[in-house]
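What follows is the residue order along each chain.
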Amino acid sequence: TFIKELERVIPNSLKKPRGKASLRSLREYMILNGFDKLMIVDNHKGNPRRIHFYKLEGGVLKREVLIYLKSTSMQVDSKEFFLASKLNFELDRSCLHEEEARRFLNFLKEFLQEEVLFNEREGGELILRVSRVDENFFIYFLDPRTRRVVRPNLKVEKIVWMTQGG
């Protein structure tokens, strides 16, 4: 369900159940189908716990970032469904001057946004906003017309950077 919800709010994304597929077979699938980015969600006791962000560069699958989730809330919980066709990105005022918040937002923007829309779909525009409360980052989506929060919302406990950039 969590993956379905991410697919709804991330334009041009494709949900592919992993099953027992290895990273090697996922890499081959990406090469054959022209994909260069991969998100893998690990669950713990049925709840999303970690998201791995991979990029395919020169035929090599490289993990860029690993985020640990503290909690999530989903569209299913609210019975309201939103399909995004465009995603914009912004920092909340709570963390405008934080280097790590800017780095995280810039990474998400680069990773999730495509310059060219290959599979245009009907839907609305959303804003992905990063905010901070205490030690945790929050990722949430806003409908810019109503300024209402659209789920899923993710409470991020920890970000692990695998590369110097990002």
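Anything mentioned here points back to the structure above.
The structure reproduced in this document is the subject of the present report. (Residues numbered from 1 in each chain as written. Predicted model: local features only at pLDDT ≥ 70, side-chain atom pairs only at ≥ 80, totals over all residues. Heavy atoms only, no water.)

Another point: the sheet that holds strand S7 (residues 148–161). The sheet built from seven strands is open, its strands ordered S1-S2-S3-S7-S6-S5-S4 with mixed pairing. Of all strands in the sheet, those with a lone pairing partner are strand S1 (37–44) and strand S4 (84–91), marking the two edges. Within the sheet, the average angular offset between the axes of one strand and its neighbour, ignoring direction, is 30 degrees. Across the sheet, helix H2 (residues 23–33) is in contact with S1, strand S2 (47–57) and strand S3 (60–73); its angle to S1 comes to roughly 145 degrees. (Pairing = 2+ DSSP bridges. Helix = DSSP H or I, 4+ residues; strand = E, 2+ residues; numbered from the N terminus. Axes fitted to C-alpha atoms, helices over the stretch in contact; angles between N-to-C directions. Contact = heavy atoms within 4.5 Å.)

A few words on the environment of Arg 50. Here Arg 50 shows up in strand S2. In this structure Arg 50 comes out as partly exposed when scored by relative accessible area, which is 27%. On a C-alpha basis, the gap between Arg 50 and Glu 157 in space is 9.7 Å, while along the polypeptide they are 107 residues apart. Apart from residues no more than four positions distant in its own chain, Arg 50 is found in contact with Ile 40, Val 41, Asp 42, Leu 66, Ile 67 and Tyr 68. (Buried < 20%, exposed > 50% of the residue type's maximum accessible area, 1.4 Å probe, protein only.)

Further remarks concern the nonpolar core. Side chains that are nonpolar tend, in soluble globular proteins, to be buried together. Counting residues in hydrophobic clusters, the biggest one holds 35 residues, and the most contacted among them are Ile 67, Phe 104, Leu 108 and Leu 128. The element contributing the most residues to this core is helix H4 (residues 99–112), with seven residues. Apart from residues lying up to four places away in sequence, Leu 108 is in contact with Phe 53, Phe 89, Gln 113, Leu 128, Val 130 and Ile 139. Core analysis: the second largest hydrophobic core is formed by seven residues, Leu 26, Tyr 54, Leu 56 and Leu 61 among them. (Core = buried A, V, L, I, M, F, W, Y, C linked by side-chain atoms within 4.5 Å.)

As far as function goes, none of this settles anything; it's purely spatial.
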